[in-house]
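# Descriptive analysis of the structure
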Amino acid sequence: MIKFQGEISQECKTWFLKREYRDSFKGNIIVALIISIITIIIGLLWDLIFLSFFAIPVAIIILSFFPGFYKNSVKKIPKTIEIDNIAITGNISRSIETVKSVIDVGDWYVFNFFFPYDYRYFVCQKDLLVEGTIEEFEQLFEGKIERKLK
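These figures come from a predicted structure and were not determined experimentally.

### Comments concerning the nonpolar core
- I83, I88, F111, F137 and F141 are the most contacted members of the largest nonpolar core, which totals 15 residues.
- Elements with a contribution of two residues or more to this core: β1 (2–5), β2 (80–83), β5 (99–104) and β6 (108–113).
- Looking at which element gives the most residues to this core, the answer is β6, with 3 residues.
- If you look at the next biggest cluster of nonpolar residues, it comprises 12 residues, including W15, F16, I77 and I103.

Written out as structure tokens, the structure reads:
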């Protein structure tokens, strides 16, 4: 068993929040564009009153500009992550088979799961390893580890 336990560093939290902000911003823009196109088409075909619904995508875009909107995401990162040959367990549990890749950012690892699972909340900081070794971790996820820069 491999176990990471403790509070992640401020550098890791900052990296995590930037990634969360970037990914959420992209998703919000896509949703806003789709709603905008549908609203404009309906407004032009039926009644111009429907164009007032154009305020909804504008509100979505404006909200996505506030980084403080994502600060609660850090609270979702578990303080203890246990990994065995079957599952990865933190606040929730995922099967080892659902791991698409493990991103090695340098001082920590981030799990990327196959759709529809979310990967953002499995962050394993290397210096918080309390049981097992980094070599065991890398051997368990051999072929799935991608090295990336911060």
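After that view, the rundown keeps rolling.
### As for the sheet that holds β5
- One open sheet holds the 4 strands; their spatial order is β7-β6-β5-β9, and the pairing between them is mixed. The open sheet is flanked by β7 (123–125) and β9 (145–147), the only strands paired with a single partner. In this sheet, adjacent strand axes meet at a mean angle of 25° when their direction is disregarded.
- Bridging between β5 and β9 involves 3 bridges; their strand directions are parallel. Bridge pairing in β9 links V102 to I145.
- Along the sheet, helix α1 (residues 10–45) contacts β5, β6 and β7; its crossing angle with β6, the most-contacted strand, is approximately 30°.

### Topic: the sheet that holds strand β8 (residues 129–131)
- With antiparallel pairing, 5 strands are arranged side by side in an open sheet as β4-β3-β2-β1-β8. Looking along the sheet, the strands with just one partner apiece sit at the ends: β4 (93–95) and β8. Neighbour-to-neighbour, the strand axes of this sheet turn through a mean angle of 20°, independent of strand direction.
- The pairing of strand β3 (residues 87–89) with β4 spans 3 bridges and is antiparallel. Looking at β4, one finds that I88 is bridged to R94.

How each quantity is defined
- Residues numbered from 1 in each chain as written.
- Predicted model: local features only at pLDDT ≥ 70, side-chain atom pairs only at ≥ 80, totals over all residues.
- Heavy atoms only, no water.
- Core = buried A, V, L, I, M, F, W, Y, C linked by side-chain atoms within 4.5 Å.
- Buried < 20%, exposed > 50% of the residue type's maximum accessible area, 1.4 Å probe, protein only.
- Helix = DSSP H or I, 4+ residues; strand = E, 2+ residues; numbered from the N terminus.
- Pairing = 2+ DSSP bridges.
- Axes fitted to C-alpha atoms, helices over the stretch in contact; angles between N-to-C directions.
- Contact = heavy atoms within 4.5 Å.

That's the geometry; what it means functionally is another story.
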